[in-house]
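# Descriptive structure summary
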Amino acid sequence: VFTQSGTTAGGTATQVAVLSIPTTSLELLDIPLLRDADNTPGHYVAVKGSNTSWTNAALYDSPDDLTYTQNTVISGAAVMGACNTTLGAWAGGNFADETNTVTVSVGGGQLSSTTHEGMLSSTTTNAALVGSEVIQFREAALVSAGTYTLRGLLRGRRGTEHLTSGHVAGERFVLLSTSGLRFIPHTIADFGRAIYYKAVSAGQRLST
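Residues numbered from 1 in each chain as written. Predicted model: local features only at pLDDT ≥ 70, side-chain atom pairs only at ≥ 80, totals over all residues. Heavy atoms only, no water.

### Some details on the pairing of strand β5 (residues 80-83)
In the sheet, β5 pairs with strand β10 (residues 172-175) via three bridges, with the strands oriented antiparallel. When the bridges of β10 are listed, Met 80 appears paired with Val 174. Where β5 and strand β6 (residues 102-105) come together, two bridges link them in antiparallel fashion. Across the sheet, residue Ala 82 finds its bridge partner in β6, namely Ser 105. (Pairing = 2+ DSSP bridges. Helix = DSSP H or I, 4+ residues; strand = E, 2+ residues; numbered from the N terminus.)

### Topic: the sheet that holds β10
Pairing is antiparallel around the closed barrel formed by six strands, whose spatial order is β5-β6-β9-β8-β7-β10. Across the sheet, the mean angle separating the axes of adjacent strands is 45 degrees when strand polarity is ignored. Across eight bridges, the pairing between strand β8 (residues 133-144) and strand β9 (residues 147-157) is antiparallel. Bridge pairing links Leu 142 to Tyr 148 in β9. (Axes fitted to C-alpha atoms, helices over the stretch in contact; angles between N-to-C directions.)

### What about the side chain of Thr 149?
Relative to the elements of secondary structure, Thr 149 occurs in strand β9. Residue classification places Thr 149 among the buried positions, given a relative accessible area of 9%. Only 2.9 Å separates the side chain of Thr 149 from the side chain of Thr 103, close enough to count as a polar contact. Setting aside its immediate chain neighbours within four residues, Thr 149 contacts Thr 101, Val 102, Thr 103, Glu 139, Ala 140, Ala 141 and Val 143. (Buried < 20%, exposed > 50% of the residue type's maximum accessible area, 1.4 Å probe, protein only. Polar contact = N/O pair within 3.5 Å; in protein donor to acceptor, adjacent residues only side chain to side chain. Contact = heavy atoms within 4.5 Å.)

### What about the nonpolar core?
With 17 residues, the main nonpolar core has Val 104, Leu 111, Phe 137, Tyr 148, Leu 150 and Phe 173 as its most contacted residues. Listing elements by their share of this core, those giving two or more residues are β6, β7 (127-130), β8, β9 and β10. The residues contacting Val 104, other than those within four sequence positions of it, are Ala 82, Cys 83, Asn 84, Leu 111, Gly 146, Thr 147, Tyr 148, Leu 150 and Phe 173. (Core = buried A, V, L, I, M, F, W, Y, C linked by side-chain atoms within 4.5 Å.)

### Examining the environment of Thr 114
Within the secondary structure, Thr 114 sits in the loop between β6 and α1 (116-121). Each C-alpha atom of the pair Thr 114 and Ala 199 lies 32 Å from the other, and the pair is 85 residues apart in sequence. Those residues in contact with Thr 114 that sit more than four places away from it in its chain are Met 119, Thr 125, Asn 126, Phe 137 and Arg 138.

### Quick word on the pattern of salt bridges
When the charged atoms of two side chains with opposite charge come close together, those side chains can pair. As enumerated under the stated definition, the model contains seven salt bridges in all. Glu 27 is the partner of Arg 172 in a salt bridge, and the nearest nitrogen-oxygen pair spans 3.4 Å. Of this pair, Arg 172 sits in strand β10 while Glu 27 is found in strand β1 (residues 24-29), placing the two residues 145 residues apart along the sequence. Measuring nitrogen to oxygen at the nearest pair gives 2.4 Å for the salt bridge that ties Asp 190 to Arg 193. When its relative accessible area of 15% is taken as the criterion, Asp 190 is described as buried. Among the residues examined, Arg 193 registers a relative accessible area of 43% and is labelled partly exposed. One salt-bridge network, in which partners are shared between bridges, spans Asp 97, Glu 133 and Arg 155. (Salt bridge = Lys/Arg side-chain N within 4 Å of Asp/Glu carboxyl O.)

### Quick word on the side chain of Asn 126
By secondary structure assignment, the location of Asn 126 is in the loop between α1 and β7. Here Ser 112 takes part through its backbone oxygen, which lies 3.0 Å from a polar atom of the side chain of Asn 126. Those residues within four positions of Asn 126 in sequence are excluded, and the remaining contacts are Ser 112, Ser 113, Thr 114, Ile 135, Gln 136, Phe 137 and Arg 138.

### Topic: the layout of surface pockets
One way to see where empty space is left: roll a probe the size of a water molecule over the atoms. Each pocket or cavity is described by its volume, and for the largest pocket that value is around 340 Å³. As for the largest pocket, its lining consists of 17 residues, of which Leu 34, Arg 35, Ser 177, Thr 178 and Leu 181 are closest to the centre. When residues in the lining of the largest pocket are grouped by element, the largest group, three residues, is from strand β11 (residues 181-185). Class assignment of the residues belonging to the lining of the largest pocket gives a composition of eight nonpolar, five polar and four charged. (1 Å grid on protein atoms, 1.4 Å probe; cavity = no way out; pocket = protein on both sides within 12 Å on 5 of 7 lines; lining within 4 Å. Points joined across faces, edges and corners; volume = space filled by probe spheres on them. Nonpolar A, V, L, I, M, F, W, Y, C, P; charged D, E, K, R; others polar.)

And the structure:
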């Protein structure tokens, strides 16, 4: 950027701030299938950017953490963050947990409420990952910017009934919607192999 001096007849022009390239947060999700179409070897990934100028990220993988190959490009950011409080244990089975709540921070993401009937009508409505347990939530009460308290929970969804206890504060929270979430297919030959991943923001160097 050059600074140019000279005599002018009018006011100075507005300065333009050049923003740094946003980073990408990546979550690798070893969770039950969310769609019948994904009934093949593989797993899910979720990405989001560090600020509002983020547009997309390329996902690279490597067998040795040396040579990376682009796997896919993911547009749209997932709503994800961390749990500020601990989700209590639940042994009530397939009934709404009206006792426990959990407060989550999702940064610039947004959560919305639904009805009990809305949750029952589709297993994807307000489905989310708390730690490794899949839940559905009826109410998302805004506490402050990017922070919500979730109530009216259906617990242990998608075969995660054994994970309805043992939660801790600070564990991951991922809204299981289509935005920013992608299924990464593998082959049977990939079982037992180590695979390294990097999520690279648009315009960012792989080496960074």
